[in-house]
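Structure assessment
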Amino acid sequence: MRPTRLIPTAFLAALALTGCGGAEPTAENAAAECEHYIEHEMGSPGDLDFDDSPEVTLTAEDPWEYEVVGGAGPEDGSGTAERTEYTCVAVNNSGDWIVVDLRADEG
């Protein structure tokens, strides 16, 4: 193998190992998918403040299914924003994420 071909091959291998694209079935990617979905549904991307560490549980494998429980609320400079607790179920089937259930508790 010539050295000029080694660099692209090594680069592609590094991308595969780092999981670029966020498609891997991990707890972090499931939480991120739920946050993205909620922002999209609320029509205010970037205007919501999510919990730093939502509770994420693997509920099934193949396809990978995660339950994410957390809270979100509007960003508020005073730090006293009204929060909504949510439960989101996200499924990763062959690298494609989809939110299949979302429930909110505004209490």
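Source: prediction; values computed, not measured.

Rules and cut-offs
- Every chain is numbered on its own, with residues counted from 1 as its sequence reads.
- Local features are withheld for residues below a pLDDT of 70 in this predicted model, meaning they are given only at 70 or higher, and side-chain atom pairs are given and counted only at 80 or more; totals for whole chains, interfaces and linings count all residues.
- Water and hydrogen atoms play no part in the side-chain values, which are based on all heavy atoms of the structure.
- Counting from the N terminus, the helices are DSSP H or I runs at least four residues long and the strands are E runs at least two residues long.
- A 1.4 Å probe rolled over the protein chains alone gives each residue an accessible area, and that area as a share of the maximum for its type sets the label: buried under 20%, exposed over 50%, partly exposed in between.
- Throughout, a residue-residue contact means that at least one pair of heavy atoms, one from each residue, lies within 4.5 Å.
- To estimate how far a helix should reach, multiply one less than its number of residues by 1.5 Å.
- We call Phe, Tyr and Trp rings a pair once their centres come within 6.5 Å, taking the six-membered ring for Trp, and we label the pair stacked below 30 degrees between planes, edge-to-face above 60, and tilted otherwise.
- Here, nonpolar core refers to any group of buried Ala, Val, Leu, Ile, Met, Phe, Trp, Tyr and Cys residues whose side-chain atoms link them within 4.5 Å.
- Between any two strands, pairing holds if DSSP finds at least two bridges.

Describing the environment of Val-56
Among the secondary structure elements, Val-56 is positioned in strand β2 (residues 55-60). Of the residues examined, Val-56 reaches a relative accessible area of 26% and is grouped as partly exposed. Taking the C-alpha atoms as reference points, Val-56 and Ala-30, separated by 26 residues in sequence, lie 7.9 Å from one another. When near neighbours in sequence (up to four residues on either side) are disregarded, Val-56 contacts Ala-27, Ala-31, Tyr-66, Glu-67 and Val-68.

Let's talk about helix α2 (residues 27-42)
The end-to-end C-alpha separation of α2 is 23 Å, in line with the 22 Å expected for 16 residues at 1.5 Å each. Listing the buried residues of α2 in full gives Asn-29, Ala-30, Ala-31, Glu-33, Cys-34, Ile-38 and Glu-39. Packed against the buried residues of α2 are β1 (48-50), β2, β3 (64-74), β4 (84-93) and β5 (96-105). A positive backbone phi angle near 70° is found at Gly-43, which sits one or two residues after α2.

Brief notes about the packing of aromatic side chains
Enumeration according to the criterion identifies 2 aromatic pairs in this entry. Judged by centre distance (6.3 Å) and plane angle (85°), the rings of Phe-50 and Tyr-86 are edge-to-face. In this pair, Phe-50 sits in strand β1 while Tyr-86 sits in strand β4, placing the two residues 36 residues apart along the sequence. Both rings, one in Tyr-66 and one in Trp-97, keep their centres 6.0 Å apart while their planes meet at 45°; by these two values the pair is tilted. Of this pair, Tyr-66 sits in strand β3 while Trp-97 sits in strand β5, and the two are 31 residues apart along the sequence. The buried category is assigned to Trp-97, whose relative accessible area is 15%.

Examining the nonpolar core
Ranked by internal contacts, the top residues of the largest apolar core, which has 14 residues, are Phe-50, Val-68, Tyr-86 and Cys-88. Sorting the residues of this core by element identifies α2, β1, β3, β4 and β5 as the ones contributing at least two each. Looking at this core element by element, the count peaks at 4 residues for α2. With residues near it in sequence (within four places) discarded, Val-68 still touches Ala-30, Ala-31, Cys-34, Pro-54, Glu-55, Val-56, Tyr-86, Thr-87 and Cys-88.

Considering the side chain of Asn-92
Relative to the assigned elements, Asn-92 resides in strand β4. For Asn-92, a relative accessible area of 2% puts it in the buried group. Sequence-distant contacts of Asn-92, defined by excluding residues within four places in its chain, comprise Ala-23, Glu-24, Pro-25, Pro-63, Trp-64 and Trp-97.

Focus on the pairing of β5
Sheet topology places β4 next to β5; 9 bridges connect them, and they run antiparallel. Within β5, the residue paired with Val-89 across the bridge is Asp-101. Here β4 folds back onto β5 in antiparallel fashion, the turn holding 2 residues, of which Ser-94 has a positive phi close to 60°.

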